[in-house]
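So the chains spell out like this:
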Amino acid sequence: MNTFRPAAPIVLLLASTLLNAFGQSSGAAVSPQEDSLRRKEDLKYILSILPPDRTSNGRVSYKDKVFTDWLARTGELPPDWSSLPSIPDLPDPMVLRKNGKNVPVATQADWAAKRKELREQLRYYITGTYPDQPKNLEAVVLSEKKDGQVLLRTVELRFGPGREARLTVELMIPPGKGPFPVFMTQWNHREWAQIAVKRGYIGCVYAGADARDDTEDYARIWSESHDFTRLMRRAYGAFVAVDYLYTLPITDKKKIGITGHSRNGKQSLMAAAFDERITAVVTSSGGSGAEVPWRYSAYPYDVEDIALLATAQPAWLHPRLRFFTGRENKLPIDQNSFMALVAPRGLMLSTATTESASNPWGAEQALKSARKAYQFLNAGDQIMIRYRGGLHGTSAKDIEEYVDFFDFVFKRSKSSPASDLLYDYSFEKWKTLSGEQVHTAGYPKKGIHDILASNGGQTIGSEKAWEQKKETVLTNIRWLLGNEPPLVTNPGPVTLANGGAGETYFGSFLTRPATTKQMGVMKVTPYRGFGDNLFGYLYYPVEKIKKEKLPVLVYLHEYDYSKGFSPIGHQHELQSFFEKLTGMGFAVFSYDMMGFGNRIEEGVRFYERYPQWSKMGKLVSDVNAAVHMLGNLEFVDREKIFTAGYSLGATVGLYAAALNPAIAGTVSVAGFTPMRTDHSGKGTVGIRAFSHLHGLQPRLGFFVGREERIPADFHEILASIAPRPVLVIAPTEDWNTTGTDIEAAVGEARKIYGLYGKESRLELARPKDYNRFSIPIRELLYEWCGQL
């Protein structure tokens, strides 16, 4: 059934969205003037962090060249953030706002109401509104000829006001009477359709792509009534192509599949979400705005976040989405919402594990969320994910497998092309594997203000007394990291001459920071490597390498699942960062952490192999291995080996520095919020990020809802590093942290530094920024390094 709906007026949509999804405002009542002033300040900040619009790639809208033009014309301001609840996880597609309460979707009527709600929200925040189904469609055959046994027909569709709108469609019709299934794709994927024609499909190629885009003029034609974005205009073109296909007796109307790659993968998902006549979709490497949710495209994942994508491609997404830069937790919907709307029809997410604009972990989270809708509709086998090797491009093999998926959905084949998940972890599965059960009632309730309380209840007043307590703290930290198996140390290459071939030795698709005249690189390769058969890269100042012993900074990367540490990124690029540090006289060592980049597969079965250990424990173990290797290098000052990390890397660096006295100091950028105070009432993911989502510290899962009983917390971790220097950088706009708790934890740990007479060595910086490794934040790190 066709599900085109005329969109409600924008103002009514906003009211409907807020009321349906959230109920009453959670913020304190303020006057309209106060509210306006506050939102204007928010807008000022948002404009300060957004890159300029790349207008060579398109206008923000038909009426507006750049974002500020749209703001001036519409008068829109960011939402009142206090009225929007924090949704740190993906919005649940099976929870409906009903009678002022969030209730599970339990009936078909509930599901119909939820679908309506999702469509309204997606149109409001991401796609814009689009016209109703055209009633005056006219098809004009431009050409028709035979190519062997295949009939090629090119048609111009005319519709809309005065039939001014156009859409060119090419059909490749196989021999026979039909009806035939349909393989729809965009103009630049004509060769994809050729493959499908061999398999008995009508190939339908429509002009809604960069190579040829008849839909761009729709912005002008409907400028007074609809604000659909470029991607949504192209998706609307797909709707019109389906209208035409429905007029043809040779079309099997129950077997229409659509696919597209990259930006065309995004529009294909939009088209399938809004038009139920499309019975299957493969979104191929769509990245952010397709298989990767916005929450997992944020800076800590180093993909293409809202700020980057919205300004690099101003025409693709609704301008309103930009308000959520750095506030992804306030977005009422996400990409899993599009996916849920496709249910119960076929949906395959397809991506390469190591392409720069992807996040395979994030894609799997979206799939798991959307699967709830499929399971509700008894269609759990109709949604799947497929991985390929390589980078962003596809080959004939990939397209054949896309057709395999359509064959499976259309019951032309019983063979399911589903692939295994890379991150098929859950806390419950881990409990079964490990057999562990922790009775948290046996752990005392604690806060983050107990650092000077000794084990015997006395007040700690000396270094010696702290050192005695620290042994208990370190024991608790080690317990949180799991039972480390027996380890063998690797001395490493020892000399510069023993550098290896790097990751090209086994074949890597990933790029790393390049050498310059001033910055050389030593590739640390297995057989003369570090840790357990690991690869790493040591960048050094060429002029100093043979003249003096160098201090070293071990850089630990963020949650960059697809790339690990990489020079590719938007303000995450590492080339200039490493060049700056080596220019200051440091060597910089970096590598992919386990489960990321070239080490994704290493983490897939980790808990089957080491059920009592933890991934976080392994990450810390690898840091220790790196420090040991670096300490053996003849040109390294072993007393000056530091760590620095962003996001996950910062957390790992803190744990490692607390446990390893050979680490001379550390920098944490957006690395923590105290765990004992990080509960559901804070609007953050909380400790579930470690125990349930990323599977880094399963034992923490026993303390969800009992956070105050966690055996060790970050104020104790920081204190355990004393008196070595630590710089904590905690951006004020980081929505997944609580700034006052971070300040309290650092203040508490500083008391231990005071026992050593070194209070100034524990520094806290609170820049006005969101969670990212921005240029101003890097400057703080450079300043700290310059004082070492």
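Preceding this paragraph is the structure being described.
Residues numbered from 1 in each chain as written. Predicted model: local features only at pLDDT ≥ 70, side-chain atom pairs only at ≥ 80, totals over all residues. Heavy atoms only, no water.

Participant: An account of the sheet that holds strand 17 (residues 587-590) is needed here, citing residue identities and associated values.
Facilitator: If you trace the eight strands from one edge of the open sheet to the other, you get 14-15-17-16-18-19-20-21, paired in mixed fashion. What marks the edges here is a single partner per strand, and that holds for strand 14 (519-524) and strand 21 (762-765). Across the sheet, the axes of successive neighbouring strands diverge by a mean angle of 15 degrees, strand direction being ignored. Note that strand 19 (residues 665-669) and strand 20 (residues 726-729) share four bridges and pair parallel. Within the sheet, the bridge partner assigned to Val 669 lies in strand 20 and is Ile 729. Contacts between helix 22 (residues 739-755) and the sheet are confined to strand 20 and strand 21, with strand 21 contributing the most and set at about 165 degrees to the helix. (Pairing = 2+ DSSP bridges. Helix = DSSP H or I, 4+ residues; strand = E, 2+ residues; numbered from the N terminus. Axes fitted to C-alpha atoms, helices over the stretch in contact; angles between N-to-C directions. Contact = heavy atoms within 4.5 Å.)

Participant: Lay out unusual backbone geometry with the relevant residues and their values.
Facilitator: Working note: non-glycine residues mostly have negative phi, and peptide bonds are mostly trans. Omega for the peptide link from Ala 343 to Pro 344 comes to 5 degrees, which places this bond in the cis form. Counting through the fold element by element, Pro 344 comes out in the loop between helix 10 (335-342) and strand 12 (346-352). With an omega dihedral of 5 degrees, the bond running from Ala 722 to Pro 723 counts as a cis peptide bond. Summarising the element assignment, Pro 723 is placed in the loop between helix 21 (714-721) and strand 20. The phi torsion at Val 494 lies on the positive side, around 70 degrees, for a residue other than glycine. Tracing the sequence through the fold places Val 494 in the loop between helix 14 (463-481) and strand 14. Classification of Val 494 as partly exposed rests on a relative accessible area of 34%. (Buried < 20%, exposed > 50% of the residue type's maximum accessible area, 1.4 Å probe, protein only.)

Participant: Explain the packing of helix 19 (residues 648-659) against helix 21 to me, and be specific about the residues and the numbers.
Facilitator: Taken N-terminus to C-terminus, the directions of helix 19 and helix 21 make an angle of 50 degrees; their axes are 8 Å apart at the nearest point. Taken together, the axes of helix 19 and helix 21 lie oblique to each other. As helix 19 packs across helix 21, the resulting crossing turns out to be left-handed. Contacts from Thr 651, Leu 654, Tyr 655, Ala 657 and Ala 658 in helix 19 reach Phe 714, Ile 717, Leu 718, Ser 720 and Ile 721 in helix 21. Class assignment of the residues belonging to the contact of helix 19 with helix 21 gives a composition of eight nonpolar, two polar and no charged. (Parallel < 35°, antiparallel > 145°, perpendicular 65-115°, else oblique. Left-handed = near helix turned anticlockwise from the far one by under 90°. Nonpolar A, V, L, I, M, F, W, Y, C, P; charged D, E, K, R; others polar.)

Participant: Got a sec to walk through the layout of surface pockets? Specific residues and values, please.
Facilitator: Volume-wise, the largest pocket comes out at about 960 Å³. Around the largest pocket sit 50 residues that line it, and Ile 87, Asp 89, Leu 90, Pro 91 and Asp 92 are the ones nearest its centre. Broken down by secondary-structure element, the contributors of at least two residues to the lining of the largest pocket are helix 1 (10-22), strand 1 (95-98), helix 4 (108-127), helix 11 (360-376), helix 13 (427-434) and helix 20 (688-693). Considering each element in turn, the lining of the largest pocket owes the most residues, five residues, to helix 11. (1 Å grid on protein atoms, 1.4 Å probe; cavity = no way out; pocket = protein on both sides within 12 Å on 5 of 7 lines; lining within 4 Å. Points joined across faces, edges and corners; volume = space filled by probe spheres on them.)

Participant: Tell me about the sheet that holds strand 13 (residues 383-388), residues and numbers included.
Facilitator: The nine strands are arranged 3-4-5-7-6-10-11-12-13 in an open sheet whose pairing can be described as mixed. Two strands close off the open sheet at either side, each with one partner strand: strand 3 (138-147) and strand 13. Shown here is a sheet whose adjacent strand axes are inclined to one another by a mean of 20 degrees, direction ignored. Relative to strand 5 (residues 165-173), strand 4 (residues 150-159) runs antiparallel, the two being bridged by nine bridges. Bridge pairing in strand 5 places Thr 154 opposite Glu 170. Its contacts with the sheet put helix 12 (residues 396-409) on strand 6 (180-186), strand 10 (251-261), strand 11 (280-284), strand 12 and strand 13, and the angle it makes with strand 11 is roughly 155 degrees.

Participant: Could you give me a rundown of the pairing of strand 5, with the residues and numbers involved?
Facilitator: Of all nine residues making up strand 5, eight are buried, and the element is well covered by its neighbours. Linkage of strand 4 to strand 5, two consecutive antiparallel strands, is achieved through a turn of five residues, within which Gly 160 is found at a positive phi near 80 degrees. Pairing analysis gives four bridges linking strand 5 to strand 7 (residues 202-206), with the strands arranged antiparallel. Bridging from a neighbouring strand, Val 169 pairs with Tyr 206 of strand 7.

Participant: Pulling in residues and values, what's your account of the pairing of strand 13?
Facilitator: Taking burial as the measure, the six residues of strand 13 include six buried ones, the bulk of the element. Here strand 13 shows no split at all, with Ile 383, Ile 385 and Tyr 387 on one side and Met 384, Arg 386 and Arg 388 on the other all buried. As judged from the six bridges shared by strand 12 and strand 13, these two strands associate in the parallel manner. Residue pairing across strands places Leu 349 opposite Ile 385, the latter belonging to strand 13. In this fold, strand 12 hands off to helix 11, which returns the chain to strand 13; that crossover is right-handed. (Right-handed = clockwise from strand over helix to strand, strands pointing away.)

Participant: Describe the pattern of salt bridges, and please don't skip the residues or the numbers.
Facilitator: Across all of its chains, the model carries 58 salt bridges by this definition. The salt bridge partner of Arg 388 is Glu 355, with a shortest N-O separation of 3.5 Å. Pair noted here: Arg 388 is in strand 13 and Glu 355 is in the loop between strand 12 and helix 11, with a separation of 33 residues, a long-range link. With a relative accessible area of 2%, Glu 355 lands in the buried category. Sharing partners across several salt bridges, the network here consists of Arg 199, Glu 400, Asp 404, Asp 407 and Arg 412. (Salt bridge = Lys/Arg side-chain N within 4 Å of Asp/Glu carboxyl O.)

Geometric values such as these leave the question of function open.
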